[in-house]
Amino acid sequence: MNLFFSKKYATIWLIVLLLILFIGFLNASPIYILDEAQFTEASREMFVTGNFWVPHFNGKLYVDKPPLQNYFSILGFALFGINEFGARFFSGIFGVLTVMTTYLFVKDFLGLRTARKSLFILLSSFFFVQQFQLAVPDPYLIYFCSASLFYFYRFYVRRNPKQLLFCYFLLGLGVLTKGPVAIALPGLSIALFLLINKEIKTVFSYYPILGLIGILVVAAPWYWCVHELTHGAWTNGFFMVNNLERFSGAMQGHGGPFLVTWGYVLLGLFPFSLFLPQAIKNALKLKEQPILLFSLIIGVVFILFFSLSATKFSHFVRTLFRKQMVFTQQRLEQNQCFCYSNSCGSASYWRLFWIAIRSKSRRKTKLRFVAHSHSHWKFNWRSFSLQRKICLLV
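Now for a description of the structure that goes with this document. Keep in mind the model is a prediction, meaning the values are calculated, not measured.

## Focus on the packing of aromatic side chains
- Scanning all chains against the criterion turns up 36 aromatic pairs.
- Taken together, a centroid distance of 5.4 Å and an interplanar angle of 75° make the contact between Phe94 and Tyr143 edge-to-face. With a gap of 49 residues between them, Phe94 in helix H4 (residues 84-110) and Tyr143 in helix H7 (residues 138-158) connect regions that are remote in the sequence.
- Geometrically, the ring pair formed by Phe152 and Phe294 is tilted, given 5.8 Å between the ring centres and 35° between the ring planes. Of this pair, Phe152 sits in helix H7 while Phe294 sits in helix H14 (residues 290-308), placing them 142 residues apart in sequence.
- By relative accessible area, Phe152 is classed as buried at 2%.
- An aromatic cluster is present here, built from Phe105, Phe109, Phe150, Phe152, Tyr153, Phe155, Tyr156, Phe193, Tyr206 and Phe294 joined pairwise through their rings.

The following block contains the structure:
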């Protein structure tokens, strides 16, 4: 028994707990957010009609986003039926992938101790877990952008061509998820990183032209097909309305001043956002650790871009939580102001896990595709409390 719970199986148990955290609560609340309802209905219409090329919402052309998120929801419908769980299932899976990718990346470059603390900060962030329980494109974009940047940095350090291949492939999937922003922001972050490190002359050693061709191979076929099938209507609606106009003017009532995005970041990382000023200063000083500078640049690029955008959503900035978490944790590590001990025996952790499971089993909810009752709001807060317990267990 002790062997089963030994360090040898620590990664397996971590994955199991993350699956419970991200998958176990997907049907705890109905689909009530406008964006999630639209994307879910568009996926349902694709699934029912069998038209997997052109997205529609209520029978009309839906130009909001490319279809990769719809395809994952359709697969969820095929596996679990047309319900909240099916629509959100792969969002939860990508939440697990994002956490594990981040954990292994930090462990690889900053050590196991920092990786564990980074894991705690990430799962304790106010918005993070909730984002991966919605049937929207953002969970997929967060993973593709984060993982592609991780692979780029691995290539930067080790010069393994496979890492660069994975980087460009994931960026291609990001373009199929949310369009050109999946290239623009990671590309700008990488270019600025090389410029500050006075390595911009080496940019062609990263094969950007071949990488762009690879991205087009992944994403361009669908864009060309939907352009032809809709006679250019989808292309015009997506690129002109949902990209240029979204950046230049507030859409769906989601406007606000320049500092709104900064507020989303501070709230999203709370309480660890209190350490961000010190962490930024620390990242600028430790030039011998380029991973901290890389993380800082990504955070600055994403925040400034979405601050300048006239349309402001909280989920726009959640892609950068992983990078902010890296240099925040490094600062806490140096000050030794964030520490934990192993004084709590494994039995205490398993008692907490058993309490969480029992409290979950006593709550039964009725699945509804769309609902607005106050009882669901109350249940959602109870589920949130239970998720926090499992976060502590992880």
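## Details of a nonpolar patch on the surface
- A grouping of Phe204, Tyr207, Ile209, Leu210, Ile213 and Val217 is seen on the molecular surface, where their side chains present a nonpolar patch of about 680 Å² in accessible area.
- In this fold, Tyr207 is placed in the loop between helix H9 (181-196) and helix H10 (208-229).

## Some words on the environment of Phe22
- If you trace the backbone, Phe22 turns up in helix H1 (residues 10-23).
- For Phe22, a relative accessible area of 0% gives the class buried.
- Aside from chain neighbours lying at most four places away, what touches Phe22 is Gly92, Gly95, Val96, Val99, Leu123, Phe128, Val129, Phe132 and Gln133.

## So, helix H13 (residues 276-285)
- Those residues of H13 that fall on the buried side of the exposure criterion are Leu276, Ala279, Asn282 and Ala283. Looking down the long axis of H13, one finds its buried residues gathered within 120° of arc, a one-sided arrangement. Structural note: H13 exposes Pro277, Lys281 and Lys285 on the side pointing more than 90 degrees away from its buried face.

## Digging into the nonpolar core
- Core analysis: the largest hydrophobic core is formed by 72 residues, its most contacted members being Phe22, Leu123, Phe152 and Phe193.
- The element contributing the most residues to this core is H7, with 13 residues.

## Details of unusual backbone geometry
- One non-glycine residue with positive phi stands out, namely Asn58, at about 55°.
- Tracing the backbone through its elements, the reader meets Asn58 in the loop between strand E1 (56-57) and strand E2 (60-61).
- On the basis of relative accessible area, Asn58 is assigned to the exposed category, the value being 54%.

Cut-off values and rules
Residues numbered from 1 in each chain as written. Predicted model: local features only at pLDDT ≥ 70, side-chain atom pairs only at ≥ 80, totals over all residues. Heavy atoms only, no water. Phe/Tyr/Trp six-rings, centres within 6.5 Å; stacked < 30°, edge-to-face > 60°. Helix = DSSP H or I, 4+ residues; strand = E, 2+ residues; numbered from the N terminus. Buried < 20%, exposed > 50% of the residue type's maximum accessible area, 1.4 Å probe, protein only. Patch = residues over 30% accessible without salt bridge, like charges linked within 9 Å, V, L, I, M, F, W, Y side chains within 5 Å. Areas by Shrake-Rupley, 256 points an atom, 1.4 Å probe, with all protein chains shown as cover. Salt bridge = Lys/Arg side-chain N within 4 Å of Asp/Glu carboxyl O. Contact = heavy atoms within 4.5 Å. Arc of directions from axis to C-beta. Core = buried A, V, L, I, M, F, W, Y, C linked by side-chain atoms within 4.5 Å.

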